[in-house]
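# Structure assessment
Read off the chains here:
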Amino acid sequence: MSPAARIDTESVLRAALQVLDEEGIAALSMRTIAARLQVRAASLYYHVPSKAALLQSVADRVAAEVIASVTPGGGWRDLLTDVAQGLRRALRAHPGAAAVVAVRHASPQVFERAVPTVLAAMNAGLRVTDEEALYLVQSLYILVTGHALAEFGDAPEPPAAPAAYYDAWFDIAVSTFLAGVEARYGA
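Residues numbered from 1 in each chain as written. Predicted model: local features only at pLDDT ≥ 70, side-chain atom pairs only at ≥ 80, totals over all residues. Heavy atoms only, no water.

### A short note on the environment of Gln109
Residue position: Gln109 is located in helix H8 (residues 108-111). With 49 residues separating them in the primary sequence, Gln109 and Asp60 have C-alpha atoms 9.1 Å apart. (Helix = DSSP H or I, 4+ residues; strand = E, 2+ residues; numbered from the N terminus.)

### Section: the nonpolar core
Here is a general trend for soluble globular proteins: nonpolar side chains tend to be buried in one another's company. With 59 residues, the main nonpolar core has Ile33, Leu44, Val62, Leu80 and Met122 as its most contacted residues. Among the elements of the structure, helix H2 (9-23), helix H3 (30-37), helix H5 (51-69), helix H6 (76-93), helix H7 (98-101), helix H9 (115-125), helix H10 (130-152) and helix H11 (163-185) are those that each provide at least two residues to this core. Ranked by residue count, the leading element in this core is H10, at nine residues. Once residues lying within four places of it in the same chain are set aside, the contact partners of Leu44 are Ile7, Val12, Met30, Ile33, Ala34, Leu37 and Val39. (Core = buried A, V, L, I, M, F, W, Y, C linked by side-chain atoms within 4.5 Å. Buried < 20%, exposed > 50% of the residue type's maximum accessible area, 1.4 Å probe, protein only. Contact = heavy atoms within 4.5 Å.)

### Here we look at H11
Between its first and last C-alpha atoms H11 spans 33 Å; for 23 residues at 1.5 Å apiece the expected length is 33 Å, and the two agree. Residues of H11 that are buried: Tyr166, Phe170, Val174, Phe177, Leu178, Val181 and Tyr185. (Expected span 1.5 Å × (residues − 1).)

### What about the packing of H6 against H9?
One way to put it is that H6 packs onto H9 with a least axis distance of 8 Å and a crossing angle of 135 degrees. It follows from the interaxial angle that H6 and H9 lie oblique. Of H9, the residues touching H6 (which contributes Trp76, Leu79 and Leu80) are Thr117, Val118, Ala121, Met122 and Gly125. Classifying every residue of the contact of H6 with H9 gives six nonpolar, two polar and no charged. (Axes fitted to C-alpha atoms, helices over the stretch in contact; angles between N-to-C directions. Parallel < 35°, antiparallel > 145°, perpendicular 65-115°, else oblique. Nonpolar A, V, L, I, M, F, W, Y, C, P; charged D, E, K, R; others polar.)

Limitation: the analysis is restricted to geometry and does not speak to function.
Rendered as structure tokens:
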């Protein structure tokens, strides 16, 4: 079986994540991925229509991991904590993806699966409209992504500060965000 016969969308996405993590976003190209998979770049287009679609797949993969980390039925604080910790975990696993997630939103088909869980938790414990609830989750996502960019933005270079600093900054940023949400929207 030729290498081209063995590739699929998932293998292309895995290779893209490896390139992002090991070489950084500047190195990500269809040719680089094809070389990793030992195929011609043109064969990738059977599985991923464009580089933009590939980048969207990276953002969607991270978002899907975050959504999977959320425990349904909890309160708003648990939900937002799960989102923050899940996103940080996903970006720690794939530090090169931080640069992608910073500029690409999850696609509607990925995000919309989480909307009922988000709205149930946020509306049960806060005085928010549905729109505000979704904006709050997105705002936290941006906050954590910005933190990840500070920590991993130069992937594959190591972070500039010790890990303990990033842990402290993360804890302070998330706890301050949660306190602000409670102060502004608490029931």
